[in-house]
Amino acid sequence: MLTATLSHSVQSPARAKPNGRQAVLERCVERVKSTSRIFGLRNPQIGSVENGWQYCNPFDWVISFYAGQLWLAYQFNGEPGLANLARARQSDLNLLLSNLAAQDHDLGFIFSLNCVADWKLTGSQTARQMALRAAEALRARFRPAGGYIQAWNSHGTENTTRSTFVAGRIIADTMQNLALLYWAHTETGAPDFKTIADAHAETTRRNLIREDGTSFHTFVFDATTGAPLRGETHQGYAHDSCWARGQAWLVHGFAQSYRTTGNPEYLDAARLVAAKAEELMGTDRVPLWDLRLPTDEPQYLDSSAGAILSAGLFILADVTSGDEKIRWRAFADRLLDGLIDTCDVTQIEGAQGLLDYGAAHVRRGSVRNMLPYGDYYFMEALMRSLGHSRFCW
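So, here is what we can say about the structure in this document. (Residues numbered from 1 in each chain as written. Predicted model: local features only at pLDDT ≥ 70, side-chain atom pairs only at ≥ 80, totals over all residues. Heavy atoms only, no water.)

Details of the layout of surface pockets
Of the voids in this model, the largest pocket is the one considered here, and its volume is about 890 Å³. Along the walls of the largest pocket sit 34 residues, with Asp60, Trp61, Asp106, Trp152 and Arg364 positioned nearest its centre. Elements with a minimum of two residues in the lining of the largest pocket: strand S1 (44–47), helix H5 (107–122), helix H7 (160–166) and helix H10 (244–261). In terms of residue class, the lining of the largest pocket is made up of 17 nonpolar, ten polar and seven charged. (1 Å grid on protein atoms, 1.4 Å probe; cavity = no way out; pocket = protein on both sides within 12 Å on 5 of 7 lines; lining within 4 Å. Points joined across faces, edges and corners; volume = space filled by probe spheres on them. Helix = DSSP H or I, 4+ residues; strand = E, 2+ residues; numbered from the N terminus. Nonpolar A, V, L, I, M, F, W, Y, C, P; charged D, E, K, R; others polar.)

Okay, here's the thing in C-alpha cells:
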C-alpha cells in the first residue's frame, strides 16, 4: 500500500455506493470486531502491505485510536466484549503515566479515546482516575511565557538538534487534545484546567490561523520570553501552504471547544478555517494531503484529513442554525460520501482497516496508508451523521 498513488483527477466512485450510512457503520463495527481476533492487545499504527498493519510501541501517539473504535462499537451495540477489549489496553496507558519522558501534548488523544470514553459509557472510576492523572500531566506542559502547551519533547541532552527544533513549538494537533483539560475541569471544578486550555486555544487562534483562514502546522515561540517568532510546517508541503490534516484538527478542535465553553471566538475560528477548506477543495470530495499543493506535485489524497474534517463539520453544523447549519452539514456529507465512495475498504475481504488513501507523512514517503486515526474519525463522522451525540470529547 505504501507505494501506490491515486491521482487527484480520479476521485470518482471506485465501487457501487452502499445502501445508506447505517449499513456502512454496521460494516465498520463488524470489521472492528473481526480484527480484534487478529490484533490481540496490539494496537495498529500504520497500514502495511496487503491491507494489514504495523503495530504501535507502548508510547506511540496513535495507541488509543483502535480503543476509540472499540468504544464507538460498544456504544453502537452494547456488546460487553468490546468494552473489555478496550479496557484491557489501559495497562499500556498506566505505563505511560509512570514514564514522564514519554508524555507529550498527545495525552489528550490517548486518554480521551480510552479512559474518558470508558468513564462516560460505563462509569469506571479506575478509568476516571487515570484520565485525571493524564490531564494533570498535560496541564503541566503549559508554558506561561507565551501561553501555550509545549508540543513535542527533546530526546535527551545529547540530541541538541532535536532540542532546538522542539523548543517553544506548538502544533495544530493539540487543539484536539484540549478536550481532556475541559473534561477534567468539568469533573473536578479545578479552574486551571480550563484556564490553560483557553490560553492555548487563544494562542493557537492568534498564531496558527492566518487571516485568510489557512493555517500553519506549527508555530515557534522564544522558549524563554514567549515572544512569537514564526509559523512553519512539519508535515505540510511548505511553510506557506496548508496541511490538510492540520486544517481538519483546527476545525474539529475549535468546534468542539466552542461546544464545551460557549466562547464565540472559538466558533468564529472554526467557521473561518472550515470556510477556507471548503474554498480550497472546490468540488473535490476527498482532500489532498495539502490544500495548497502545486498542481505539478504528486496529488496524494488524505482520507484521514477528510474523516477528521467531516466529523468536525458535523459538530459545527450542530452548533449553528439556519442556512449556515445547512452549509456545514452539506460539506460534511460531501466529505463523508467521498470517503465511502473512494476510500472505504470494509467490503474488501482480508483488509484489516476501514479507509485506504491516508497520507501519514508525505515528506517521509508515507503517501498511501490505512491509518487508525482516519478509521476512528470515519466511524465518528458516520455516527454523527446518523444522530449519535455521545463521544469522548
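Things to note about the sheet that holds strand S5 (residues 169–171)
Spatial ordering of the open sheet is given by S5-S6-S7, a layout of three strands whose pairing is antiparallel. The outermost strands of the open sheet, each flanked by one partner alone, are S5 and strand S7 (228–232). Looking at each pair of strands side by side, their axes are set apart by 20 degrees on average, direction ignored. (Pairing = 2+ DSSP bridges. Axes fitted to C-alpha atoms, helices over the stretch in contact; angles between N-to-C directions.)

A short note on the packing of helix H6 (residues 125–139) against helix H8 (residues 174–188)
Between H6 and H8, whose axes approach to 9 Å, the crossing angle comes to 115 degrees. Between H6 and H8 the crossing geometry is left-handed. Residues Arg128, Ala131, Leu132, Ala134, Ala135, Leu138 and Arg139 of H6 form the contact with H8, whose participating residues are Asn177, Leu180, Leu181, Trp183, Ala184, Glu187 and Thr188. (Left-handed = near helix turned anticlockwise from the far one by under 90°. Contact = heavy atoms within 4.5 Å.)

Some words on the packing of helix H9 (residues 191–207) against H10
With their axes 12 Å apart at the nearest point, H9 and H10 run at an angle of 140 degrees to one another. Classified by the interaxial angle, the pair formed by H9 and H10 is oblique. Every pair of crossing elements has a handedness; the one defined by H9 and H10 is left-handed. Facing Lys194, Asp198, Ala201, Thr204 and Arg205 of H9, the residues of H10 in contact are Leu250, Phe254 and Thr261. Grouping the constituent residues of the contact of H9 with H10 by class yields three nonpolar, two polar and three charged. (Parallel < 35°, antiparallel > 145°, perpendicular 65-115°, else oblique.)

Topic: the pattern of salt bridges
Under the definition given, this model contains 25 salt bridges. One salt bridge in this structure joins Asp341 and Arg285, with 2.9 Å as the shortest N-O distance. Placement of Asp341 in helix H13 (residues 322–342) and of Arg285 in the loop between helix H11 (264–281) and helix H12 (303–318) is noted, with a sequence separation of 56 residues between them. Of the charged contacts in the structure, one is a salt bridge between Arg368 and Asp356, with a shortest N-O distance of 2.3 Å. Taken as a pair, Arg368 in the loop between H13 and helix H14 (372–385) and Asp356 in the loop between H13 and H14 lie far apart in primary sequence, twelve residues in all. Three or more residues joined by partner-sharing salt bridges are found here, namely Arg21, Arg329, Asp333 and Asp337. (Salt bridge = Lys/Arg side-chain N within 4 Å of Asp/Glu carboxyl O.)

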